[in-house]
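Below are the chains, spelled out letter by letter.
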Amino acid sequence: MFSSLKVRNYRLFFLGQVVSNTGTWMQRIAQDWLVLSLTGSATAVGITTALQFLPMLLFGLYGGVLVDRLPKRRTLLFTQSSMALTGIALAVLTLTGHVEVWHVYLAAFAVGLATVVDNPARQSFVSEMVGPDQLQNAVSLNSANFQSARLIGPAVAGLLITGVGTGWAFLANGLSFVAPVTGLLLMRSRELYAVQRAPRGKGQLREGLRYVAGRPELIWTIVLAGFVSTFGFNFPVYLSAFADDVFHAGAGSYSLFNTLMAVGSLAGALLAARRGTARMRVLVVGAVAFGTMEIVAAFAPSLWLFALLMAPIGMFGMTVNVTANSSIQMSTDPSMRGRVMALYMMIFMGGAPLGAPIAGWITDAYGVRAGLAVGGAITAAAAVTIALVLARVGGLRLSVGWNQGHPHARFVPRERREEELATVA
């Protein structure tokens, strides 16, 4: 489960990201709560989320082209430092009492711009640290890393917000970037796996799109991840509204929801690290289960039942995330990985500018229960539809029967059915 941590460079990267990701989660909680406090509107929270992910939607593919051309370690030093400065600037505005909602919007957009390059660079840099043999394990541990920080960040953010205010959470996030920057500086260049960088040239963006379009295992994985992200992952909108409007609780309950979801997400990431392989059927089943659990949670009658449902939602959501990420990286040539990962992250993260305002509007107009239920239903329906499309393209059929007294359903080649009929005849 933890084999890739034997690699020194990856270990430095992993430890730095634990600290930085904790700060990132603190800022996310503080940012959403600050916007809700300033405006009282779930739509405003949705706009903030949209602005943070809008740059990925607009410029994500160009970020991938840059990542394939540039040295990834130096690129990460620049992007991580710029995000640190953004967090510190927002902290100063908040602590001095001058913060307005447009400041938060601007900070969210600035972080989004840095993420355009930072995200594909971090994703593709993993292969340079650990090599192909440990790539699957390292990708899963990256997700476990993120979710481990998610356990700590919301809890600390809740304490800071209720105790001393949101500004200190922003300051902690800005200072947390010292850890990954230090880790990058301490890495040994000679121990990195050499990857040929793409030369400057015309048509590299189109080349990346053609590469993905010609591989069904990539394009359908990205499409499904896009549906899940756009309609199922709008938790900043849903959870803040459930805490404030449905259960009439405070920031502590909001951070509790995020913490319990992180417990499930961490379990899902560690299970993916043990599994060792990324299969399309795991991705589809995980997406169906994720959407179904959201529908169930939408009608939870009590705060504690809703909170407990956050754990399985987190687990199935992380199963989708890790499986999609791992299968794409394992199926992509190293020289194309930056562009392919940029396309994946553009769809996965860029879905928020479309989904978050819609989720906020449904929440304000019809209630947060309706918003969460609709998002879950669309996610589950998309997973089933894509499974049927893949089955048809791959010449598969659904086989339903009994195995040792238990019902089972799976896709099998159509030829197997024809052989069975011929045998009976």
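Residues numbered from 1 in each chain as written. Predicted model: local features only at pLDDT ≥ 70, side-chain atom pairs only at ≥ 80, totals over all residues. Heavy atoms only, no water.

The chain has the name MFS transporter in an unreviewed UniProt entry, where Streptomyces muensis is given as its organism. Word for word, the UniProt comment on the chain under Subcellular location (unreviewed entry) is "Cell membrane". (UniProt positions renumbered as here; feature names shortened; annotations may be inferred.)

Undergrad: So what exactly am I meant to see when it comes to the overall build of the chain here?
TA: Assigned secondary structure in the chain consists of 17 helices and two strands. For the chain, the residues scored as buried account for 54% of the 425 residues in total. Sequence-distant contacts in the chain: of pairs separated by 6 or more residues, those separated by 24 or more amount to 83%. (Helix = DSSP H or I, 4+ residues; strand = E, 2+ residues; numbered from the N terminus. Buried < 20%, exposed > 50% of the residue type's maximum accessible area, 1.4 Å probe, protein only. Contact = heavy atoms within 4.5 Å.)

Undergrad: Mind showing me how you'd approach the UniProt feature "transmembrane region" (unreviewed entry) in the chain here?
TA: Per the UniProt annotation, the sites labelled "transmembrane region" (unreviewed entry) are residues 12-30, 42-64, 217-239, 251-273, 280-300, 306-328, 340-362 and 368-391. For residues 280-300, the end-to-end C-alpha separation is 31 Å, with 90% helix and 0% strand making up the annotated structure. Across residues 306-328, the secondary structure splits into 100% helix and 0% strand, with the terminal C-alpha atoms separated by 33 Å.

Undergrad: For this particular structure, what's the right way to read the packing of helix α8 (residues 204-213) against helix α9 (residues 216-232)?
TA: A pair of packed helices is captured by two measures, namely the crossing angle of their axes and the spacing between those axes. Put simply, α8 and α9 touch, their axes get as near as 6 Å, and they point 95° apart. The pairing of α8 with α9 is recorded here as roughly perpendicular in orientation. Between α8 and α9, the contacting residues are Y211, V212 and A213 on the first element and L218, I219 and I222 on the second. Residues of the contact of α8 with α9, tallied by class, amount to six nonpolar, no polar and no charged. (Axes fitted to C-alpha atoms, helices over the stretch in contact; angles between N-to-C directions. Parallel < 35°, antiparallel > 145°, perpendicular 65-115°, else oblique. Nonpolar A, V, L, I, M, F, W, Y, C, P; charged D, E, K, R; others polar.)

Undergrad: For this particular structure, what's the right way to read the environment of E217?
TA: Looking at where E217 falls in the secondary structure, it is placed in helix α9. For E217 and S327, which are 110 residues apart along the polypeptide, the C-alpha to C-alpha distance reads 8.3 Å.

Undergrad: Please explain the packing of helix α1 (residues 8-39) against helix α4 (residues 101-130) as it appears in this structure.
TA: Contact geometry of α1 with α4 gives a least axis separation of 13 Å together with a crossing angle of 160°. By the criterion of interaxial angle, the relationship of α1 to α4 is roughly antiparallel. In this structure, α1 crosses over α4, and the sense of that crossing is left-handed. Packed against α1, whose contacting residues are N9, Y10, F13, Q17, Q31, L34, V35, L38 and T39, the element α4 presents V101, V104, A108, R122, F125, M129 and V130 at the interface. Within the contact of α1 with α4, the residues separate by chemical class into 11 nonpolar, four polar and one charged. (Left-handed = near helix turned anticlockwise from the far one by under 90°.)

Undergrad: What is the right way to read the packing of aromatic side chains from this model?
TA: Centre-to-centre distance and the angle between the planes together describe a pair of aromatic rings. With the rule as written, the count across this model stands at 14 aromatic pairs. Here the aromatic rings of Y10 and F14 are separated by 6.0 Å at their centres, their planes lie at 50°, and the arrangement is tilted. In this pair, Y10 and F14 are both assigned in helix α1, four residues apart and thus about one turn of the helix distant. Owing to a relative accessible area of 16%, F14 belongs among the buried residues under this scheme. Between W33 and Y254, the aromatic rings sit 5.9 Å apart at their centres with planes inclined by 25°, giving stacked as the arrangement. In this pair, W33 is assigned in helix α1 and Y254 in helix α11 (residues 251-275), connecting sequence segments 221 residues apart. (Phe/Tyr/Trp six-rings, centres within 6.5 Å; stacked < 30°, edge-to-face > 60°.)

Undergrad: Can you walk me through the environment of V67 in this structure?
TA: With respect to the helices and strands, V67 occurs in helix α2 (residues 42-69). Residue V67 is classed as buried on the basis of its relative accessible area, which comes to 2%. Distance from V67 to M336, taken between C-alpha atoms, is 9.8 Å for residues 269 residues apart in sequence. When residues no more than four places from it in sequence are discounted, the contact partners of V67 are K72, V117, P120, A121, S124 and G338.

Undergrad: How do you make sense of the pattern of salt bridges when you look at a structure like this?
TA: Counted by the stated rule, this structure contains five salt bridges. Put simply, R188 and E191 hold a salt bridge, and the shortest N to O gap is 3.0 Å. Judged by relative accessible area, which is 33%, R188 ranks as partly exposed. For E191, a relative accessible area of 31% translates into the label partly exposed. (Salt bridge = Lys/Arg side-chain N within 4 Å of Asp/Glu carboxyl O.)

Undergrad: Even after reading the chapter, I still don't get the confidence of the model for the chain, so can you show me in this structure?
TA: Regions with low pLDDT carry predicted coordinates that are not meant to be interpreted in detail. In the predicted model, the chain carries a mean pLDDT of 82, and 88% of its residues have values of at least 70. No element of the chain has a lower mean pLDDT than helix α17 (residues 414-424), which averages 49, and none a higher one than helix α7 (residues 178-186), which averages 94. A low-confidence stretch, residues 420-425 (pLDDT under 50), is modelled with one contact involving residues beyond four sequence positions or located in other chains. (pLDDT = per-residue confidence, 0-100.)

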